[in-house]
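Chain by chain, the residues run as shown.
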Amino acid sequence: MRARHALPALAAIATLMLTGCVDNSAPSAEGSGTPSGAVVEKDDAAAALLPDSLAKAGTLVFGTSPNYAPNEFKNDAGEPIGWAIEVSDAIAAKLGLTPSYTIARFENIIPGIVGGTIDVGQSSFTDNLEREKQVDFVNYYTAGIQWASATGKTVDPDNACGLKVAVQSTTYQDTVEIPEKSAACVAAGKKPIQKVALDTQDAAANAVTLGQADAFTADSPVTLYAIEQLKGKLQTAGETFDAAPYGMAVAKDSGMAEAVQAALQSMVDDGSYAEILSAWGVSDGGLDTITINAASKG
């Protein structure tokens, strides 16, 4: 990461973080309706690109860490939902497969792909050069970084030396953004940023509302969703910056990247992709052309 009908409170999402497998209602090969209202038809050309073993299996296993609303999170029944989950369901429909969801910690998803237990990693991965050494990415969205602070508290992301900043563990914000900003503070003779790393994004948001952190940083759709859910308690801090591509992770050089790319491009072309993004209010990061490994192809 750089992340419906009855939305649970952010504080409740953390209690639902379980390991297991959830099968959502499977899109049929003939067509599927999604909660956004988008209808998705099988694309025979995209399905023909699938590795033979997966086409015969009939199931597309997605690995996700559903604690990054509104991208991927859980409903009250413990099922993965969110706009990225809808996109995943639609990809399965395009490929004529049944979607299945393996719930895992974020850092365990890529090892699951490498180990062959997960077909597609769908968990708001930022496509970067280091991750591309292990997997291929099908790029499906562009997100920036957005900070948030408690309502009435002014925080400047470019001048946060000495502040406590909450992040979700193992995200880009945890491993790259805050360490780099903190190192710049120290180099300038200022106090380092005190990073508060937490297991889930909702915990990071709540840390700010409880006064345990001065601000939190996350991908732009996630931050804006948290502000909306915690009405009146949070505000944006600074502008969105450092836009980067999200990628669905698949086994390297396996042929899966080309199949998923074709399915997604078919969704772009028939309008179902745009319908899903619009229904969730995240259209700004939508793409017209689906690419593979954008980080290395720049």
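Residues numbered from 1 in each chain as written. Predicted model: local features only at pLDDT ≥ 70, side-chain atom pairs only at ≥ 80, totals over all residues. Heavy atoms only, no water.

The name recorded for the chain in an unreviewed UniProt entry is ABC transporter substrate-binding protein, from Cryobacterium tagatosivorans.

Chemist: Help me understand the overall build of the chain, please; the structure alone is not making it clear to me.
Modeler: Helix and strand counts for the chain come out as 12 helices and 14 strands. Scored against the burial criterion, the 298 residues of the chain give a buried share of 53%. (Helix = DSSP H or I, 4+ residues; strand = E, 2+ residues; numbered from the N terminus. Buried < 20%, exposed > 50% of the residue type's maximum accessible area, 1.4 Å probe, protein only.)

Chemist: What am I meant to see in the nonpolar core here?
Modeler: Side chains that are nonpolar tend, in soluble globular proteins, to be buried together. The biggest cluster of nonpolar side chains holds 61 residues, and the ones touching the most others in it are Leu60, Trp83, Ile91, Phe216 and Leu264. Built from parts of two domains, this core gets at least three residues from each of domain 1 (44–143 + 243–292) and domain 2 (145–242). Discounting residues that sit within four places of it in the chain, Phe216 has contacts with Gln146, Trp147, Ala148, Val165, Ala166, Gln201, Ala204, Ala205, Val208, Thr223, Ala226 and Leu234. Core analysis: the next-biggest nonpolar cluster, separate from the first, contains 13 residues, Trp147, Ala160, Ile178 and Ala237 among them. (Core = buried A, V, L, I, M, F, W, Y, C linked by side-chain atoms within 4.5 Å. Domains from an automatic or database assignment. Contact = heavy atoms within 4.5 Å.)

Chemist: Even after reading the chapter, I still don't get the state of the cysteines, so can you show me in this structure?
Modeler: By definition, a disulfide links two cysteine residues through a covalent bond between their sulfur atoms. Taken as a whole, this structure holds one disulfide when the rule is applied. Each sulfur of the disulfide joining Cys161 and Cys185 lies 2.0 Å from the other. Classification of the bridge connecting Cys161 and Cys185 rests on its S-S torsion, roughly -85°, and on that basis the disulfide is left-handed. Taken together, the residues span a long stretch of sequence, with Cys161 in the loop between strand 9 (135–150) and strand 10 (164–168) and Cys185 in helix 7 (residues 172–187) at a distance of 24 residues. Residue Cys161 is classed as partly exposed on the basis of its relative accessible area, which comes to 24%. (Disulfide = S-S within 2.5 Å.)

Chemist: Is there a simple way to explain the packing of aromatic side chains in this structure?
Modeler: Describing an aromatic ring pair means giving the distance of the ring centres and the angle of the ring planes. According to the stated counting rule, one finds nine aromatic pairs in the structure shown. With 5.8 Å between their ring centres and 50° between their planes, Phe73 and Tyr225 make a pair best called tilted. Taken together, the positions of Phe73 in strand 5 (residues 73–74) and Tyr225 in helix 9 (residues 220–229) put the pair 152 residues apart, joining distant regions of the chain. Residue Phe73 is classed as buried on the basis of its relative accessible area of 0%. Plain terms: the ring middles of Phe73 and Trp280 are 6.2 Å apart, the flat faces sit at 90° to each other, and that makes the pair edge-to-face. Of this pair, Phe73 sits in strand 5 while Trp280 sits in the loop between helix 11 (272–279) and strand 14 (291–292), placing them 207 residues apart in sequence. Under the relative-accessibility criterion, Trp280 is labelled buried at 16%. Here the aromatic residues Trp83, Tyr140, Tyr141 and Tyr246 are joined through ring pairs into a cluster of three or more. (Phe/Tyr/Trp six-rings, centres within 6.5 Å; stacked < 30°, edge-to-face > 60°.)

Chemist: Looking at this model, I keep getting lost on helix 4 (residues 83–94). Mind explaining?
Modeler: Taking 1.5 Å of rise per residue, the 12 residues of helix 4 would be expected to cover 16 Å, and the 16 Å separating its terminal C-alpha atoms lies within 8% of that figure. Where burial is concerned, most of helix 4 is hidden: 12 out of the 12 residues are buried. Among the residues of helix 4, Trp83, Ala84, Ile85, Glu86, Val87, Ser88, Asp89, Ala90, Ile91, Ala92, Ala93 and Lys94 are the ones counted as buried. In the segment just after helix 4, Gly96 is the residue with positive phi, at about 70°. (Expected span 1.5 Å × (residues − 1).)

Chemist: Can you help me understand the side chain of Asn71 in this one?
Modeler: When you line up the elements, Asn71 lands in the loop between strand 4 (59–64) and strand 5. Side chain to side chain, Asn71 and Trp83 meet in a polar contact 2.9 Å long. (Polar contact = N/O pair within 3.5 Å; in protein donor to acceptor, adjacent residues only side chain to side chain.)

Chemist: Explain the pairing of strand 11 (residues 194–198) to me, please; I cannot follow it from the model alone.
Modeler: As paired strands, strand 10 and strand 11 are joined by five bridges and run parallel to one another. Residue pairing across strands places Gln168 opposite Leu198, the latter belonging to strand 11. For the crossover from strand 10 across helix 7 to strand 11, the handedness is right-handed. (Pairing = 2+ DSSP bridges. Right-handed = clockwise from strand over helix to strand, strands pointing away.)

Chemist: Would you mind going over unusual backbone geometry with me for this structure?
Modeler: Trans peptide bonds make up the majority, and among non-glycine residues the majority have a negative phi. A cis amide bond links Ala69 with the next residue in sequence, Pro70, at an omega value of 5°. Here Pro70 lies in the loop between strand 4 and strand 5. Although it is not a glycine, Asp253 sits at a positive phi angle of roughly 55°. You can see Asp253 is positioned in the loop between strand 13 (234–251) and helix 10 (256–270). A positive phi is found at Asn293, a non-glycine position, where the angle reads about 55°. Note on placement: Asn293 falls in the loop between strand 14 and helix 12 (294–297).

Chemist: Help me understand the pattern of salt bridges, please; the structure alone is not making it clear to me.
Modeler: When the charged atoms of two side chains lie near each other, side chains of opposite charge can form a pair. For the structure shown, the criterion picks out 10 salt bridges. Salt-bridge contacts for Glu130 lead to Lys133; the nearest nitrogen and oxygen are separated by 3.2 Å. Taking the shortest distance from any N to any O, the salt bridge between Glu177 and Lys181 comes out at 3.3 Å. Within this pair, Glu177 and its partner Lys181 are both found in helix 7, separated by four residues, close to a single helical turn. Taken as a pair, Glu177 and Lys181 share a single burial class, namely buried. It is possible to trace a salt-bridge network through shared partners that takes in Arg105, Glu107 and Asp199. (Salt bridge = Lys/Arg side-chain N within 4 Å of Asp/Glu carboxyl O.)

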